[in-house]
Amino acid sequence: MNVDYAELAQTIASLTHGETDEVALMATLACEIHHSDARFDWTGFYRVTEPELLKIGPYQGGHGCLVIPFSRGVCGAAARTRQTQLVPDVDAFPGHIACASSTRSELVLPVFAANDRLIGVLDIDSNQPDAFTQEDADRLQEILDATFGRH
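The paragraphs below set out a description of the structure included in this document. None of the values given here were measured: they were computed from a predicted structure.

### Overview of the nonpolar core
For soluble globular proteins, the rule of thumb is that nonpolar side chains tend to be buried together.
Piece 1. Grouped together as the largest cluster of nonpolar side chains are 25 residues, with contacts concentrated most on Leu 29, Ile 33, Phe 45, Leu 122, Leu 144 and Phe 148.
Piece 2. Elements represented by at least two residues in this core include exactly α1 (5–16), α2 (22–34), β5 (105–113), β6 (117–126) and α4 (134–148).
Piece 3. Excluding its chain neighbours within four sequence positions, the residues that come into contact with Leu 144 are Leu 29, Phe 45, Leu 109, Pro 110, Val 111 and Leu 122.
Piece 4. Counting residues in each nonpolar core, the second largest holds 20 residues, with Cys 75, Ala 79, Val 87 and Val 108 among its members.

Now the structure itself:
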């Protein structure tokens, strides 16, 4: 089952209309995105809680890492560079943090609020190698930008 991004975007827009609390938005997106596609084994947010540091936010799936510095791993790279990380093989990513041994590929997108303020990253793991496409990255970024008010 591959996600229907038009339907997913519409559902999320409907569920989050008028909501401004970032954690409530993250919780809703984690749930909706996670259940939209069988490739998505772990779906969640890491929040910027202090300079150069991410802490676990709302997620779906098994336990995640609690704290990730910007200097480490795929999530840290997305936060540090403010750019999407599309990783077809996590074992080939320098400094990958294995929060779950089943993870084979990963997609991490920076999450911005208004005025391009980085508030966290959306981390999606798959137990399949090379599970994610550039279309996944582009469409999910559109949903994130619309939901969190990036202009």
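That shown, we press on.
### Points about the pairing of strand β2 (residues 53–60)
Piece 1. As paired strands, strand β1 (residues 42–50) and β2 are joined by 6 bridges and run antiparallel to one another. Opposite Thr 43, over in β2, you have Gln 60 as the bridge partner.
Piece 2. Two elements, β2 and strand β3 (residues 67–69), share 3 bridges in a ladder whose sense is antiparallel. Pairing of Lys 55 across the sheet is with Val 67, part of β3.
Piece 3. The turn linking β2 back onto β3 is made up of 6 residues, and Gly 61 within it adopts a positive phi angle of 120°.

How each quantity is defined
Residues numbered from 1 in each chain as written. Predicted model: local features only at pLDDT ≥ 70, side-chain atom pairs only at ≥ 80, totals over all residues. Heavy atoms only, no water. Core = buried A, V, L, I, M, F, W, Y, C linked by side-chain atoms within 4.5 Å. Buried < 20%, exposed > 50% of the residue type's maximum accessible area, 1.4 Å probe, protein only. Helix = DSSP H or I, 4+ residues; strand = E, 2+ residues; numbered from the N terminus. Contact = heavy atoms within 4.5 Å. Pairing = 2+ DSSP bridges.

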